[in-house]
Amino acid sequence: MREYKDKINAQKQDYYKDRFYHAPQTTKIDIKGSEFEYLFDEFNNNFSVLNSFIELDIAVFIINKEDNLKALRKAKDLGFTTFTELICSDYLAKDNSYEVQYLLLNMNKKQRLRIVTTCKADEAIESGVCVFKGLNWSEREAYDMLGVNFINHPNLKRLLMPDDWFDYPLKKSYPLEGDEFAKWYEIDRIFGKEYREVVGPENRDSGRVDCNDTNNFSRIYHEVPKGAEPISIAYKQEYQEDEGVMFVKKVKRADSKFIEGRR
């Protein structure tokens, strides 16, 4: 078991000690007079640009979150038709906000564009799926991992974590105290520490647990349908799931083969 250490104000601590390598700061070039100047003129005529510069040959525009759809549509009209990535960063400890970055590519002009905005933790930002369909998956991931709320997303549900998972694993404040702490993390917050003996330690297994099951946490080899009486006799699961995605059909353990070596 790892030693418990208080994580209060962990984000304010300096983790870059002398023995660690300090990455050099990148150079930021004025966008005026560059090949991206036409972007600045077009953007500035349609919405407010808070800051702009060129960094690592990528044009960077910092805008208000209310203008994110205008910026995405304008960029698409100007030839940045390829959405490459959505980046969300946790700055909750610094100013209670998330930073959201859209990375776009203009295949014809071989230019890259980064649109940057910020969203407070208790606010929401307009979904960009109506402009770039590729944002559908990325925004769901940002919501699932960090808790960024996107308005008008067609299906803003958890993507990787179970539906009833407490909190967001990529937040800097998410506990990293080790397995002993993690197995009681949700129990303590949903039920309270006094229910540890009643509920038992958490044993999450996304391949076995009912995605809507908050009251009955999974117990490997003792799983029962939601609401059913728990069983004490352990059994082996012979198939993935009934009425689910049929990746595997009734694979019997007796029919399985162990590969002893590569061809």
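See the structure shown above.
In this report, we go over the structure that sits alongside the text.

Conventions we followed
- Residues numbered from 1 in each chain as written.
- Predicted model: local features only at pLDDT ≥ 70, side-chain atom pairs only at ≥ 80, totals over all residues.
- Heavy atoms only, no water.
- Helix = DSSP H or I, 4+ residues; strand = E, 2+ residues; numbered from the N terminus.
- Buried < 20%, exposed > 50% of the residue type's maximum accessible area, 1.4 Å probe, protein only.
- Contact = heavy atoms within 4.5 Å.
- Axes fitted to C-alpha atoms, helices over the stretch in contact; angles between N-to-C directions.
- Parallel < 35°, antiparallel > 145°, perpendicular 65-115°, else oblique.
- Left-handed = near helix turned anticlockwise from the far one by under 90°.
- Nonpolar A, V, L, I, M, F, W, Y, C, P; charged D, E, K, R; others polar.
- Phe/Tyr/Trp six-rings, centres within 6.5 Å; stacked < 30°, edge-to-face > 60°.
- Lys NZ or Arg CZ within 6 Å of the ring centre and 35° of its normal.
- Salt bridge = Lys/Arg side-chain N within 4 Å of Asp/Glu carboxyl O.
- Core = buried A, V, L, I, M, F, W, Y, C linked by side-chain atoms within 4.5 Å.
- Pairing = 2+ DSSP bridges.
- Disulfide = S-S within 2.5 Å.

Focus on the overall build of the protein chain
In terms of helices and strands, the protein chain carries six helices and eight strands. Secondary structure elements of the protein chain, listed N to C terminal, follow the sequence β-α-β-β-α-β-α-β-β-β-α-β-α-α. Scored against the burial criterion, the 263 residues of the protein chain give a buried share of 36%. Across the protein chain, the fraction of contacts at a sequence separation of at least 24, relative to all contacts at a separation of at least 6, is 45%.

What to know about the packing of helix α1 (residues 37–46) against helix α2 (residues 68–77)
One way to put it is that α1 packs onto α2 with a least axis distance of 10 Å and a crossing angle of 140°. The angle between α1 and α2 falls in the class oblique. At the point where α1 passes α2, the crossing takes the right-handed sense. Residue-level inspection shows Glu42, Phe43 and Asn46 of α1 in contact with α2, the latter providing Lys70, Ala71, Lys74 and Ala75. Of the residues that constitute the contact of α1 with α2, the class distribution is three nonpolar, one polar and three charged.

Some points on the packing of aromatic side chains
This structure, assessed with the given rule, holds four aromatic pairs. Note that Lys76 overlies the ring of Phe132, its terminal NZ or CZ placed 5.1 Å from the centroid.

Let's talk about the pattern of salt bridges
Scanning the model with the defined rule gives seven salt bridges in all. With a closest N to O distance of 3.4 Å, Glu66 and Lys65 form a salt bridge. Across the salt bridge formed by Asp188 and Arg196, the nearest N and O atoms sit 2.8 Å from each other. When salt bridges that share partners are traced, they join Lys28, Glu55 and Arg114 into one network.

Focus: the nonpolar core
Residues Phe61, Leu86, Leu104, Leu113 and Ile115 are the most contacted members of the largest nonpolar core, which totals 36 residues. Of all the secondary-structure elements, those providing two or more residues to this core are α1, β2 (49–55), β3 (58–63), α2, β4 (82–91), β5 (97–106), β6 (111–120) and α4 (135–146). Apart from residues no more than four positions distant in its own chain, Ile115 is found in contact with Phe61, Ile63, Ala71, Leu72, Ala75, Val100, Gln101, Tyr102 and Leu104. Counting five residues, the second-largest nonpolar core is a separate cluster that includes Met161, Trp165, Tyr174 and Tyr185.

Here we look at the sheet that holds β5
Pairing is mixed in the open sheet, where six strands are placed in the order β1-β2-β3-β6-β5-β4. At either end of the open sheet lies a strand with only one pairing partner, and these are β1 (28–29) and β4. By the bridge criterion, six bridges tie β2 to β3 in an arrangement that is antiparallel. Note that in β3 the partner of Phe53 across the bridge is Val60. This element, α4, spans β4 and β5 of the sheet and lies at about 10° to β4.

Here we look at the pairing of β2
Burial runs high along β2: five of the seven residues are buried. When β1 meets β2, the two strands line up antiparallel, connected through two bridges. Within β2, the residue paired with Lys28 across the bridge is Glu55.

Quick word on unusual backbone geometry
A positive phi angle, close to 55°, is found at Leu56, a residue other than glycine. Along the polypeptide, Leu56 turns up in the loop between β2 and β3.

Some words on the state of the cysteines
Applying the stated rule across the entire model yields zero disulfides. Left unpaired, Cys88 is separated from the closest cysteine sulfur, that of Cys119, by 9.0 Å. A relative accessible area of 1% places Cys119 in the buried class.

Purely geometric numbers; function is a separate question.
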